[in-house]
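# Structural overview
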Amino acid sequence: MVAASSSSALRIVLLGPPGSGKGTQAGTVAESLGVSAISTGEMLREAVAAGSPLGLRVNEIMAAGELVDDETMADVVRERLAAEDAQKGFVLDGYPRTLSQAATLQEILDRSGKRLDAVVQIDVPESELVNRVLGRHRADDTEEVIRQRLAVYHEQTEPLIAFYREGSLLRDVDGHQSIEEVAKSIRDALGGEG
Ligand code: ADP
């Protein structure tokens, strides 16, 4: 069960490799919880499309399937989590992606006396991931870049699973099911609050 914190705001992180369906599920879960879905990948893609200073800085890094540096991401997330709509809770998709980012997130929340309620890990077999992402046709979705993003995921992001499991925040969900079934599994994993 996810115990609602004093303010009843729910703060959830979705964790999973590229192609795991995080983005889709973040929207659905956020809607049913009545909180904002915050996707750092989407925020960065918007910055690139707008040609903002941030966008210009991260464009090549994203196109190569590498991670944007932790300091830049800390600024992006700090600002986004300070926005009015994030005060009622959030589903965070795409952050944290490194142990250092997890520490930063904890620090940002600590400062305002808040905490995460749960981290949902969406598990999908590797063979399925590449096929799914290739079917998506996004600019950063060539096979070479996908393989790079998967390698980065295993190396930098996967350690977060153990980190959050240790903090008893982790909920595992089988992502190798239909979109509706994954959504239901996430709701169940959140103890019916979703
Ligand atoms: P995915 O398909 O891997 O879920 P996202 O849409 O979450 O992709 O992110 C796309 C790209 O944006 C990443 O490959 C990375 O370059 C950049 N990015 C997004 N979030 C972060 C983050 N927290 N730290 C570093 N880079 C990030």
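See the structure above.
Residue numbers here run from 1 along each chain, matching the order of that chain's written sequence. Confidence filtering applies because this is a predicted model: local features only for residues at pLDDT of at least 70, side-chain atom pairs given and counted only at 80 or more, and all residues used for totals across whole chains, interfaces and linings. To obtain the side-chain values, all non-hydrogen atoms of the structure were included, while hydrogens and water were left out.

## Observations concerning the side chain of Arg171
Put simply, the test is: We count a stretch as a helix when DSSP gives it H or I for four or more residues in a row; a strand needs E for two or more, and each element gets its number in order from the N terminus. Three labels apply to residues, based on accessible area from a 1.4 Å probe with only protein chains included: buried if under 20% of the type maximum, exposed if over 50%, partly exposed otherwise in between. Charged residues are defined narrowly, with Lys and Arg counted positive, Asp and Glu counted negative, and His plus the chain ends left uncounted. Here a salt bridge means any side-chain nitrogen of Lys or Arg lying within 4 Å of a carboxyl oxygen belonging to Asp or Glu. Side-chain atoms alone can form a polar contact between residues adjacent in sequence; in general such a contact is a pair of N or O atoms within 3.5 Å, and within protein one must be able to donate a hydrogen while the other accepts it.
Note on placement: Arg171 falls in strand E5 (residues 170-174). No salt bridge is formed by the buried Arg171, whose closest oppositely charged neighbour, Asp117, lies at an N-O distance of 8.0 Å. Within the structure, the side chain of Arg171 is placed 3.1 Å from the backbone oxygen of Leu169, a separation counted as a polar contact.

## Remarks on the pattern of salt bridges
Enumeration according to the criterion identifies eight salt bridges in this entry. Here Arg78 ties to Asp75 by a salt bridge, and the two come within 3.6 Å at their closest N and O atoms. Here Arg78 pairs with Asp75, and both are found in helix H4 (residues 70-82), just three residues apart, close to one helical turn. Taking the relative accessible area as the measure of exposure, Arg78 reaches 36% and is therefore partly exposed. Given the relative accessible area of 47%, Asp75 is considered partly exposed. Among the ionic pairs, Asp172 bridges to Arg165, the shortest N-O distance being 2.9 Å. Classification of Asp172 as partly exposed rests on a relative accessible area of 44%.

## Quick look at helix H6 (residues 126-134)
Under the convention used in this document: Note: the arc covers the axis-to-C-beta directions of the helix. The contact rule is simple, with two residues in contact once any of their heavy atoms fall within 4.5 Å.
Among the residues of H6, Leu129, Val130 and Val133 are the ones counted as buried. Down the axis, H6 shows its buried residues gathered within 90° of arc, on one side only. Exposed and facing more than 90 degrees away from the buried side of H6 are Ser127 and Asn131. Of the surrounding secondary structure, the elements contacted by the buried residues of H6 are helix H7 (143-157).

## Observations concerning the nonpolar core
Note the following rule: Only buried residues count toward a nonpolar core, which is a set of Ala, Val, Leu, Ile, Met, Phe, Trp, Tyr and Cys residues joined through side-chain atoms within 4.5 Å.
Core analysis: the largest hydrophobic core is formed by 26 residues, its most contacted members being Leu81, Phe90, Leu92, Leu105, Leu116, Val119 and Tyr164. Every element with two or more residues in this core is listed here: strand E1 (10-15), helix H3 (53-63), H4, strand E3 (89-93), helix H5 (99-111) and helix H8 (159-166). With four residues, H5 is the single largest residue contributor to this core. When near neighbours in sequence (up to four residues on either side) are disregarded, Leu92 contacts Ile12, Val13, Leu14, Ile38 and Leu105. Counting residues in each nonpolar core, the second largest holds 23 residues, with Ala118, Val120, Val182 and Leu190 among its members.

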